[in-house]
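# Reading the structure
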Amino acid sequence: MSVSTLALGAVFLGAAAQAETWNMPTAYPADNYHTENAQMFADDVASCSNGDLEIVIHAGGSLFKGDEIKRAVQLGEAEIGERLLSAHANENPIFAYDSVPFLATSFEASDKLRDAAVPTLSKVMAEQNLMLLYSVPWPAQGMYFDKEINSVADMAGIKFRAYNATTARVAELSGMVPTQIEAADLKQALATGVVAAMISSGSTGVDESVWEDMSHFYDVKAWLPRNTIFANIDAFNALSPEVQKCVTESADAAKVRGSAKAAELAGGFVAKLAENGMTVSGPGEQLAADLTGIGDTMTAEWLDSTGDDGEAIIDAYKAE
């Protein structure tokens, strides 16, 4: 073998040695638009890093379950992950900024709230060894039941699927019984009667074919929760400046693309529920009034629990 051939081989080996692989656990199915957007983000990173960084998506809780993802990334067991941060509001109530009832009820408002929250949220996450990259909204949250509901009084005693502290509090204030159920376990919980009601987007309803177990969807537009993508700070800092720039620029593109896709799909999700036999409507007058009262209570509670950090987000949001 010639010297030039050996030298060329050494170059290729050196390039291969520099290549990095990141594992990215997500809680949702591969065909969910959040996961598809994450895959496009990973593809963009592979392209702009010239193959120096490969991000492997592990969908549907296959690597870590939804409630394990954040901690896995904090500890470096995965380099990057996607999580509904509001599910961790028990750690810090600032994580529920996107789930304050009736604060931001449209895609435009949700994106403004996202931007207003970035400085405070980034600070809080950095304290946990996490770097905020981007977030993407779900469609506005509606309420699902297996019977007609005309007021909060009609909800008394119903077993309600909770996915974070906010939804659990909604259940408590409306007399329902909250049960924590992760997305991957939702279908079984509905089918077996572990829960008989929930608040979620039309997207989740379609993903889980909830018309098989539920009959009514009330489009109350309570809030637009956001899936947040974050990296382990140590893993990010170990990247070259060029690859770091590639990751952040790809994240910016994913943020814009994901919000646009959510808005595009939202109406179709609700229509799909109706097509499959669910009764779809807005809340009646009494139900709307009851829910507004719950929203006022929960907004005050959130601001009280978050102090100056919460006030900073709300002030920035109102100034947008």
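In this report, we go over the structure that sits alongside the text. Keep in mind that this is a model prediction, so the values were computed, not measured. (Residues numbered from 1 in each chain as written. Predicted model: local features only at pLDDT ≥ 70, side-chain atom pairs only at ≥ 80, totals over all residues. Heavy atoms only, no water.)

This paragraph deals with the overall build of the protein chain. Across its full length, the protein chain holds ten helices and eleven strands. Reported as C-alpha extents along the three principal axes, the dimensions of the protein chain are approximately 85 × 45 × 30 Å. A burial count over the protein chain gives 50% of its 320 residues as buried. Taking as baseline every contact in the protein chain between residues at least 6 positions apart, the subset at least 24 positions apart corresponds to 78%. With 20 positive and 45 negative side-chain charges, the protein chain shows a spacing of 2 Å between the two charge centroids. (Helix = DSSP H or I, 4+ residues; strand = E, 2+ residues; numbered from the N terminus. Buried < 20%, exposed > 50% of the residue type's maximum accessible area, 1.4 Å probe, protein only. Contact = heavy atoms within 4.5 Å. Lys, Arg positive; Asp, Glu negative; His and termini not counted. Charge placed at Lys NZ, Arg CZ, Asp CG, Glu CD.)

Now for the sheet that holds strand β4 (residues 130-137). Taken in spatial order, the three strands line up as β3-β10-β4 in an open sheet, and their pairing is antiparallel. Of all strands in the sheet, those bounded by a partner on one side alone are β3 (80-84) and β4. Across this sheet, the average inter-strand angle for adjacent strands is 25°, counted without regard to direction. Of the pairings in the sheet, the one linking β3 to strand β10 (residues 226-232) comprises five bridges and is antiparallel in character. Each bridged residue has a counterpart across the sheet, and for L84 the counterpart in β10 is N227. Packed on one face of the sheet, helix α2 (residues 33-48) meets β3, β4 and β10 and runs near 130° to β4. Packed on one face of the sheet, helix α9 (residues 241-275) meets β4 and β10 and runs near 20° to β4. (Pairing = 2+ DSSP bridges. Axes fitted to C-alpha atoms, helices over the stretch in contact; angles between N-to-C directions.)

This brings us to the side chain of E82. With respect to the helices and strands, E82 occurs in strand β3. One buried charged residue, E82, forms no salt bridge at all, with the nearest opposite charge on R83 at 9.0 Å. In this structure E82 touches M24, P25, T26, Y28, H34, I69, N227, T228 and I229, once residues within four positions along its chain are discounted. (Salt bridge = Lys/Arg side-chain N within 4 Å of Asp/Glu carboxyl O.)

Residues A197 and I199 line one face of strand β8 (residues 197-200) and the alternating positions M198 and S200 line the opposite face, and both faces are buried. Across four bridges, the pairing between strand β5 (residues 142-145) and β8 is antiparallel. Looking at β8, one finds that Y144 is bridged to M198. The pairing of strand β6 (residues 159-162) with β8 spans two bridges and is classified as parallel.

Turning next to the sheet that holds β8. Spatially, the six strands line up as an open sheet ordered β7-β6-β8-β5-β9-β11, and their pairing is mixed. Of all the strands in the sheet, the pair left with one neighbour each is β7 (177-180) and β11 (279-281). Ignoring strand direction, the axes of neighbouring strands in this sheet form an average angle of 25°. Pairing of strand β9 (residues 216-218) with β11 involves three bridges; the strand directions are parallel. Note that in β11 the partner of H216 across the bridge is T279. Along the sheet, α9 contacts β5, β9 and β11; its crossing angle with β11, the most-contacted strand, is approximately 145°.

If you look at the biggest cluster of nonpolar residues, it comprises 94 residues, and the most contacted ones within it are F41, I55 and M143. Per element, the largest residue contribution to this core is nine residues, and it comes from α9. For I55, the residues in contact, after removing those within four places along its chain, are W22, M24, F41, A42, V45 and I80. (Core = buried A, V, L, I, M, F, W, Y, C linked by side-chain atoms within 4.5 Å.)

Counted residue by residue, β10 has seven buried out of seven residues, so it is predominantly covered. Pairing analysis gives seven bridges linking β4 to β10, with the strands arranged antiparallel. Its bridge partner being in β10, L130 is matched across the sheet by N232.

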